[in-house]
Amino acid sequence: MKVLTCSSLVSHMTVNAQTENTWRSWHFLPHFKTINLTTAAGETAKEHVVSAMRVNQGTWSGIPQPSLMKPEQDGDLLEEDSPQENGVHTNQYSSISPPASPVAQDEPFSTYFEERVPIPDSENQLFSFRKLWAFTGPGFLMSIAYLDPGNIESDLQSGAAAGFKLLWVLLVSTIIGLLLQRLAARLGVVTGMHLAEVCNRQYSTVPRIILWLMVELAIIGSDMQEVIGCAIALNLLSVGRIPLWGGVLITITDTFVFLFLDKYGLRKLEAFFGFLITVMALSFGYEYVLVKPDQGELLKGMFVPYCAGCGPVQLEQAVGIVGAVIMPHNIYLHSALVKSREVDRKNKKEVKEANKYFFIESTIALFVSFLINVFVVAVFAQAFYNKSNIEVNAECNATGSPHTDLFPLNNNTLEVDIYKGGIVLGCFFGPAALYIWAIGILAAGQSSTMTGTYSGQFVMEGFLNLRWSRFARVLLTRSIAITPTLLVAIFQDVQHLTGMNDFLNVLQSLQLPFALIPILTFTSLKSIMNDFANGLGWKISGGILILGVCAINMYFVIVYVTSLNSVVLYVLAALISVAYLAFVAYLAWHCLVALGVSCLDCCSRMQLGVSRHTDMYLLNDMDSNTLVDR
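**Things to note about the overall build of the protein chain**
Check the secondary structure of the protein chain and you find 29 helices and four strands. Per-residue burial for the protein chain yields a buried fraction of 57% across its 630 residues. Across the protein chain, the fraction of contacts at a sequence separation of at least 24, relative to all contacts at a separation of at least 6, is 79%. Total accessible area computed for the protein chain in this model is approximately 26,200 Å², and 63% of it derives from carbon and sulfur atoms.

**Concerning helix α12 (residues 205-237)**
Think of an α-helix as 3.6 residues a turn; residues three or four steps apart then line up on the same face. With 33 residues, α12 extends 48 Å between its outermost C-alpha atoms, agreeing within 8% with the 48 Å of an ideal straight helix rising 1.5 Å per residue. Within α12, 25 of the 33 residues are buried, leaving the element largely enclosed by the surrounding structure. One or two steps after α12, the chain reaches V239, where phi turns positive at roughly 55°.

**Here's the deal with unusual backbone geometry**
Despite not being glycine, K292 shows a phi value in the positive range, around 55°. Within the secondary structure, K292 sits in the loop between α14 (266-291) and α15 (295-303). K292 sits in the exposed class, given a relative accessible area of 62%. One non-glycine residue, N386, lies in the positive phi region at around 65°. What makes N386 exposed here is its relative accessible area of 55%.

**Here we look at the packing of aromatic side chains**
Inspection of the entire model under this criterion finds 17 aromatic pairs. Note on Y203 and F522: the rings are 5.5 Å apart at their centroids and 55° apart in plane angle, and the pair reads as tilted. In this pair, Y203 is assigned in the loop between α11 (195-202) and α12 and F522 in helix α24 (residues 513-523), connecting sequence segments 319 residues apart. Aromatic side chains F583 and Y586 sit 6.2 Å apart centroid to centroid with 10° between the ring planes, which places their arrangement in the stacked category. You can see F583 and its partner Y586 sitting in helix α27 (residues 567-594), three residues apart, about one turn around the helix. F583 gets classed as buried once you look at its relative accessible area, which sits at 10%. Pairwise contacts between aromatic rings join F127, F129, F135, Y357 and F358 into one cluster. The ring of W133 has R267 lying over it, and the distance from NZ or CZ to the ring centre is 5.4 Å.

**Observations regarding a nonpolar patch on the surface**
Residues L564, V567, L569, Y570, V571, L572, L575 and I576 make up a contiguous nonpolar surface patch of roughly 720 Å² in combined accessible area. As for its placement among the helices and strands, V567 is situated in helix α27. Residue class for V567 comes out exposed when judged on its relative accessible area of 62%.

**A closer look at the state of the cysteines**
Throughout the structure, instances matching the rule amount to two disulfides. Between the sulfur atoms of C307 and its disulfide partner C310 the distance amounts to 1.5 Å. Taking the sign of the torsion about the S-S bond as the criterion, the disulfide between C307 and C310, at about -55°, is left-handed. Accessibility expressed as a relative area gives 18% for C307, which makes it buried.

**Remarks on helix α21 (residues 431-464)**
For α21, spanning 34 residues, the distance from its first C-alpha to its last is 49 Å, which sits close to the expected 50 Å at 1.5 Å a residue. With 27 of 34 residues buried, α21 is to be regarded as a mostly interior element.

**Thoughts on the side chain of S369**
Along the polypeptide, S369 turns up in helix α18 (residues 348-384). A polar atom in the side chain of S369 sits 2.8 Å from the backbone oxygen of L366. Setting aside chain neighbours within four positions, we find S369 in contact with S143, Y146 and L147.

**Remarks on the environment of L600**
Within the fold, L600 resides in the loop between α27 and α28 (602-608). A C-alpha to C-alpha distance of 8.7 Å links L600 and H590, two positions ten residues apart in sequence.

**Quick look at the packing of helix α10 (residues 167-191) against helix α26 (residues 536-562)**
It is at 11 Å that the axes of α10 and α26 come closest, and there the two elements cross at 125°. In terms of orientation, α10 lies oblique with respect to α26. Considering how the two elements wind past one another, α10 and α26 form a crossing that is left-handed. Contacts between α10 and α26 involve I176, L179, L180, R182 and L183 from the first element and W538, L545, I546 and V549 from the second. Taken together, the residues of the contact of α10 with α26 break down into eight nonpolar, no polar and one charged.

**Here's the deal with the side chain of N393**
By the secondary structure assignment, N393 is in helix α19 (residues 389-398). A relative accessible area of 8% places N393 in the buried class. The residues contacting N393, other than those within four sequence positions of it, are T404, F407 and L409.

**Things to note about the pattern of salt bridges**
Overall, the coordinates contain five salt bridges when judged by the stated rule. Among the ionic pairs, K339 bridges to E197, the shortest N-O distance being 3.2 Å. Here E197 lies in helix α11 and K339 lies in the loop between α17 (328-337) and α18, a separation of 142 residues in the sequence. The pair formed by K339 and E197 is uniform in burial state, with each residue classed as buried.

**Focus: the nonpolar core**
Judged by nonpolar contacts, the single largest core of 148 residues is most densely connected at L211, F284, Y332, F380, W437 and F522. Sorting elements by how many residues they give to this core places α18 first, with 17 residues.

**Overview of the packing of helix α16 (residues 312-325) against α26**
Between α16 and α26, the least distance of the axes is 9 Å, while the angle of their chain directions is 125°. For the element pair α16 / α26, the angle class is oblique. In the crossing of α16 with α26, the sense of the turn from one axis to the other is left-handed. Judged by residue contacts, L315, E316, V319, V322 and G323 of α16 engage I552, N553, Y555, F556 and V559 from α26. When the residues that make up the contact of α16 with α26 are grouped by side-chain class, the tally is seven nonpolar, two polar and one charged.

**A closer look at the confidence of the model for the protein chain**
Overall, the prediction assigns the protein chain a mean pLDDT of 77, with 76% of residues at 70 or greater. The low-confidence segment residues 604-630, where pLDDT is below 50, has 59 contacts with residues more than four positions distant or belonging to other chains.

**Some words on the environment of T523**
If you trace the backbone, T523 turns up in helix α24. Among the residues examined, T523 registers a relative accessible area of 1% and is labelled buried. For the pair T523 and L183, spaced 340 residues apart in the sequence, the C-alpha separation amounts to 6.7 Å. Discounting chain neighbours no more than four positions away, the residues touching T523 are L183, L187, M529, F532, A533 and N534. From its side chain, T523 meets the backbone oxygen of L520 in a polar contact 3.5 Å long.

What counts, and where the lines are drawn
Counting of residues starts from 1 at the beginning of each chain's written sequence and follows it residue by residue. pLDDT decides what is reported in this predicted model: residues at 70 or higher carry local features, side-chain atom pairs at 80 or more are listed and counted, and totals for whole chains, interfaces and linings draw on all residues regardless. The side-chain numbers reported here are obtained from all heavy atoms of the structure, hydrogens and water having been left aside. The helix count covers DSSP runs of H or I at least four residues long, the strand count covers runs of E at least two residues long, and both are numbered beginning at the N terminus. Whether a residue is buried, partly exposed or exposed follows from its accessible area with a 1.4 Å probe, protein chains only, as a fraction of its type maximum: under 20%, in between, or over 50%, in that order. Residue contacts are counted whenever heavy atoms from the two residues lie within 4.5 Å of one another. Note on areas: these come from Shrake-Rupley sampling with a 1.4 Å probe, and a residue is covered only by the protein chains present in the view. What a helix is expected to span follows from its residue count: subtract one and scale by 1.5 Å. In this scheme Phe, Tyr and Trp rings, the latter by its six-membered ring, pair at centre separations within 6.5 Å, and the angle between planes marks the pair as stacked below 30 degrees, edge-to-face above 60, and tilted otherwise. Put simply, a charge is over a ring when the Lys NZ or the Arg CZ is close to the ring centre, within 6 Å, and near the line of the ring normal, within 35 degrees. What goes into a patch is any residue over 30% in relative accessible area without a salt bridge, connected to like charges within 9 Å or, for nonpolar side chains (Val, Leu, Ile, Met, Phe, Trp, Tyr), within 5 Å. Within this document, salt bridges are pairs made up of a side-chain nitrogen of Lys or Arg and a carboxyl oxygen of Asp or Glu, the two lying within 4 Å of each other. The term disulfide is used for any two cysteine sulfur atoms that are within 2.5 Å. Definition of a polar contact: a pair of N or O atoms within 3.5 Å, with one able to donate and the other able to accept a hydrogen when the atoms are protein atoms, and with sequence-neighbouring residues admitted only if both atoms are side-chain atoms. Here, axes are lines fitted to C-alpha atoms. For helices the fit covers the stretch in contact, and angles between N-to-C directions go from 0 to 180 degrees. Angle categories are assigned with fixed cut-offs, so that under 35 degrees is roughly parallel, over 145 is roughly antiparallel, 65 to 115 is roughly perpendicular, and the rest are oblique. In this scheme, a crossing is called left-handed if the near helix is turned counterclockwise away from the far one by less than a right angle; it is called right-handed if the turn is clockwise. Residues are sorted three ways: Asp, Glu, Lys and Arg are charged, Ala, Val, Leu, Ile, Met, Phe, Trp, Tyr, Cys and Pro are nonpolar, and all the rest, Gly among them, are polar. For this analysis, a nonpolar core means a set of buried residues of the types Ala, Val, Leu, Ile, Met, Phe, Trp, Tyr and Cys, connected via side-chain atoms within 4.5 Å. Note on scores: pLDDT gives the predictor's confidence for each residue, bounded by 0 and 100.

Structure (structure tokens):
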């Protein structure tokens, strides 16, 4: 065996002469995956490189197929001359790209990207409103997860239980959510792949399947709350004539119809979501104006991080706010939605510009969602804080409400949910308040159900690499989420859903690490993000934020489990916890290695017998099945 040197390759390859003269890593392509090249006497290095790259249907680790299948361009490929355009280096900043395949070429495959929105040119402008408008859309779709029925219920319960005192928790949670969404958007823009696709390429089979199942559970839990929210709104609007299961069936049907709006243009679909957000703002804004909250108390609760006289109930409510605002499937969703804009990922300037405008748009969208959430908290804080059941019962009796029996004759503090919230608004402020509340809930549930469906498709396609027809994909992802919802709707009545909502909130809290840890891992690796990898400050702050969010949600889970008062459930929870924590530790270990904790990198060196950069370790180790032996 002998190594054949080639001047065009030596500067880009790491030669390991101790392992059968094997080239282990290619530094000119900042990709996780590796090719093991052992050259035999008589072979040319160029022939071997090209033949190895043509493995797996003509693609190698995300290099676009056309550049591989043209023999006359092989020399150009090996020569990486890094051309410049307008003074900007055009080397590939997206280190991973979607794989090309005959199937994908014969029949265009997309979930949300039948078209891509072109970005207008603007010469030497620091900021352009035309460009901001072109990038506007994905952030507002992402923000809908901050306005789903689960969030609305958390808001009204916060106001009724703690008044204005927890508004600062809502503000901090929204800011944390914005920072995490920034990471998701950057991953999609820089790599051209969303988080599920990157996980599919970089984690080995068993962790990948477990991760997919965990994210699917989060989507199912969120979707159940959203569909049930729509069903409750329809029940309120029909004065009880539409039962819960009927509302679920209606929501399933109209969701299928609305999801195909993008056939008429991506911008029209985004405009429809904008319309639903406007309906929510007007509906809950009307309630806000009607109730006239104390503005001084509102501002004090928003900017003074203190909760005077708060106890365990308020603490649990604060934890619930964090869990409701930061949702795992939304990280996967946002990383996919940003792919809908035409961005030349070979051009560093365009990628940087896209990251800037997407962040501005996300900030505006989450500011709007924050205001809507504040409307809901303020309404219930002003009108129903410290109200007792007997007071509400008396008021509903006086107005002739048929729902008086919802509020027992005792002095316990009023407990509300989405359904009871609408009823008490009707009792205190008239039927118009009830119906407008229901319209807002319907808009929240309908919009979040649609974005939840998109999340399900992106996650399933990314993790399982599905290439099905559009209708089959929508049908499968909807069926997975809707089936348990329909069963709940059939066997539960609209007045007794609080226990189910608590369980679903716990379920989603448990899934948070399976979105937050991977997004921090991959955005911290230069092998994936190149010049756009997280800096030291982002690595440290991101790690602290994710650790804090996960710890808060674990507290919420522990409180819920201890309230079950069942030894059998305690034992079952303990067993599940062992497996759960082991998998979280596995993800955290890889994340720490990606963040640069080199002392944890010892296992990779023992396994592969070679010392390498931390970035290359993670990918090589996880994708060892891509090694090619001649």
